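Chain by chain, the residues run as shown.
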Amino acid sequence: MTSTAIFGLACFGIMIALIILGIPIAISMFVISVVGFYITGGISMLSTQLSNGIFSLSASYTFAVVPLFMIVGVLAGETGIASGAYNGARAWVGKYRGGLLYTTVVSNALFGACSGISVASNAVFCKIAAPELRKAKYDDSLSLGCISAAGSLSSLIPPSIPIITVCILSNLSIGTALICGTAAGIITMLIMMFIIKGTQLIRPDKVPEPTEEDRNITFQDKLKSLKLLVPILALFALIVGGSFFGWFSATVGGAVASVAIIIYAIIRRMPVKQLLHAVCESASQFAGIYLMIMAGSLFSRFITTTGLANQLASLISGLHMAPIFIFLIVVVFYLFCGCFIAVMPIIIITVPVLLPLLENLGFNPYAMAICLVLLCELGNITPPVGNSVFTTAIITGENPMKIFKGVTPFFIAELASCVLFGMVPIIVTFLPNLLGM
């Protein structure tokens, strides 16, 4: 390994140490990047990177897609789109045993077409799904575990903020990655539904029979329920349609979708004060990750300059280990990180190093991008951090450990999805390949 790559690895270790000591992630990454650029290239390289690198990202239209999709997510919850997705899904799958759990998973996937981030979905469906599940006498641990885990679908289904962040840090096509996320989200949803069916067969006491109200839903009622899905499907078409059919880029799709949902809010006669509050809330959420993305982009440039990813790939190749074993090591590493660090920080810290490494080992970069996002989401449902679990616990007033117990089978489902995507990348890349993207 070259001296420059060793220096890059040392800087990465120092950055992790600073974060462990409590230094904010953005500051840690920024300081290490500045010092690293100065030592490797002097004041000339440092000034170039600070002036050109940061400015090019902050002035990029691609970067604008993040706050735009955050506006869409916040307003989707405020305008009742989430409850429409839940009631529409319930009309179609509620009559089956375990139907309310199926409904929770399907409606989370539908709401993912608006929210873009898992914690937002957890907050919304704790208020919508949890009371219905309790009313129908579902096991509390299983129900709340399902709500916590199903939120991860929002990080796969477009507009996924984590996937967009990975693309910004690695120069992947946002449109292609989002369409890969669509395929991955649908498959993960089906696997989670399979877990629910298995739980019903193994522990029927936890999954009661459908209520009389759900059993009596007619086909005509199902057709009527489709109108509840029109707003969310229209938003999904606006966001993904541009990439599918070449109407506009993913960034423009975010702008179109944000304007559309503001118009929808006005049609629904949302008070101006509430509308402005939603916009301010989305701006506040964006401010929380803005500096991290900027610092992460600068750190990514520094790591690329040192050639660390290429050197690690060469070193690992010399060990004569099969690439799949390297991928499994990365899986274990992410599960460990997820026990202590939230989704966005993990992505910003690790993607600049690990995604190029996996790509150099022959893995498809888009499949790996989806895998890394899903692995980060697994951290959202593992102790001791488990942001999704703690969000659910705070809103519902339940003991977090009770929810961690109920989330276990869904954790297994998502982990199986991740390994499947890594081993068989065509599963997530066939759709953009089919469209020639």
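Structure first, text after, so check above.
Residues numbered from 1 in each chain as written. Predicted model: local features only at pLDDT ≥ 70, side-chain atom pairs only at ≥ 80, totals over all residues. Heavy atoms only, no water.

Colleague: Whenever I open this one, the side chain of Ser-152 confuses me. Can you help?
Modeller: Relative to the assigned elements, Ser-152 resides in the loop between α7 (140-150) and α8 (161-170). Take Ser-152: its relative accessible area is 3%, and that puts it in the buried class. Polar side-chain contacts of Ser-152 include one of 2.7 Å to the backbone oxygen of Ala-149. Discounting residues that sit within four places of it in the chain, Ser-152 has contacts with Ser-118, Glu-377 and Glu-414. (Helix = DSSP H or I, 4+ residues; strand = E, 2+ residues; numbered from the N terminus. Buried < 20%, exposed > 50% of the residue type's maximum accessible area, 1.4 Å probe, protein only. Polar contact = N/O pair within 3.5 Å; in protein donor to acceptor, adjacent residues only side chain to side chain. Contact = heavy atoms within 4.5 Å.)

Colleague: Looking at this structure, I do not really get the nonpolar core. What am I missing?
Modeller: Nonpolar side chains tend to gather and get buried jointly when the protein is soluble and globular. Membership of the largest hydrophobic core comes to 140 residues, with the highest contact counts inside it found for Val-66, Val-105, Ile-289 and Tyr-334. Here Val-105 is in contact with Cys-146, Ala-150, Leu-153, Met-189, Met-192, Met-193 and Ile-196, once residues within four sequence places are set aside. (Core = buried A, V, L, I, M, F, W, Y, C linked by side-chain atoms within 4.5 Å.)

Colleague: Can you help me understand the packing of aromatic side chains in this one?
Modeller: Each aromatic ring pair is summarised here by two numbers: the centre-to-centre distance and the angle between the ring planes. Under the counting rule described, the total for this entry stands at nine aromatic pairs. Ring centres of Phe-37 and Phe-302 lie 5.6 Å apart, and the angle between their planes is 75°; on these two criteria the pair is classed as edge-to-face. One end of the pair, Phe-37, is in helix α2 (residues 25-58); the other, Phe-302, is in helix α13 (residues 272-306), and 265 residues separate them in sequence. Given a relative accessible area of 1%, Phe-37 falls into the buried group. A relative accessible area of 0% means that Phe-302 is categorised as buried. (Phe/Tyr/Trp six-rings, centres within 6.5 Å; stacked < 30°, edge-to-face > 60°.)

Colleague: Would you take a moment to explain the environment of Leu-275 for this structure?
Modeller: With respect to the helices and strands, the residue Leu-275 is situated in helix α13. Here Leu-275 falls in the buried class, since its relative accessible area comes to 15%. Taking the C-alpha atoms as reference, Leu-275 lies 9.8 Å from Val-74; in sequence the two are 201 residues apart. The residues contacting Leu-275, other than those within four sequence positions of it, are Leu-75, Ile-262, Ala-265, Ile-266 and Met-270.

Colleague: How should the packing of α8 against helix α9 (residues 174-202) be read in this particular structure?
Modeller: The axes of two packed helices give the description: the angle between them and the distance between them. The interhelical angle for the contact between α8 and α9, taken along N-to-C directions, is 145°, at an axis separation of 10 Å. In this structure, α8 crosses over α9, and the sense of that crossing is right-handed. On the side of α8, the interface is formed by Ile-163, Ile-164 and Cys-167, while α9 contributes Ile-174, Ala-177, Leu-178 and Gly-181. (Axes fitted to C-alpha atoms, helices over the stretch in contact; angles between N-to-C directions. Left-handed = near helix turned anticlockwise from the far one by under 90°.)

Colleague: Please explain the side chain of Ser-118 as it appears in this structure.
Modeller: Relative to the assigned elements, Ser-118 resides in helix α6 (residues 118-135). A polar contact is formed between the side chain of Ser-118 and the side chain of Glu-377, at a distance of 3.0 Å. The contacts of Ser-118, once residues within four sequence positions are left out, are Gly-151, Ser-152, Ser-154, Ser-155, Glu-377, Asn-380 and Ser-388.

Colleague: Would you mind going over α8 with me for this structure?
Modeller: Structurally, the α-helix is built with 3.6 residues per turn, so residues lying three or four positions apart point the same way. In terms of burial, α8 is a largely internal element, nine of the 10 residues being buried. Taken as a whole, α8 has its buried residues at Ile-161, Pro-162, Ile-163, Ile-164, Thr-165, Val-166, Cys-167, Ile-168 and Leu-169. A side-chain oxygen of the first residue of α8 lies 3.1 Å from the backbone nitrogen of Ile-163; this N-cap is Ser-160. Taken from the residues just after α8, Asn-171 is the one with a positive phi, measuring 60°.

Colleague: Looking at this model, I keep getting lost on the pattern of salt bridges. Mind explaining?
Modeller: Any two side chains of opposite charge can pair, on the condition that their charged atoms come close. A complete count under the given rule lists eight salt bridges for this structure. A salt bridge links Arg-90 to Glu-132; its shortest N-O distance comes to 2.9 Å. Here Arg-90 is found in helix α4 (residues 81-93), whereas its partner Glu-132 is found in helix α6, with 42 residues between them in sequence. Looking at Arg-90, the relative accessible area reads 11%, which means it is buried. According to the relative accessible area criterion, Glu-132 is partly exposed, its value standing at 25%. One salt bridge in this structure joins Glu-398 and Lys-402, with 3.4 Å as the shortest N-O distance. With a relative accessible area of 18%, Glu-398 lands in the buried category. Given a relative accessible area of 31%, Lys-402 falls into the partly exposed group. Salt bridges sharing common partners tie together Arg-134, Asp-140, Glu-398 and Lys-402. (Salt bridge = Lys/Arg side-chain N within 4 Å of Asp/Glu carboxyl O.)

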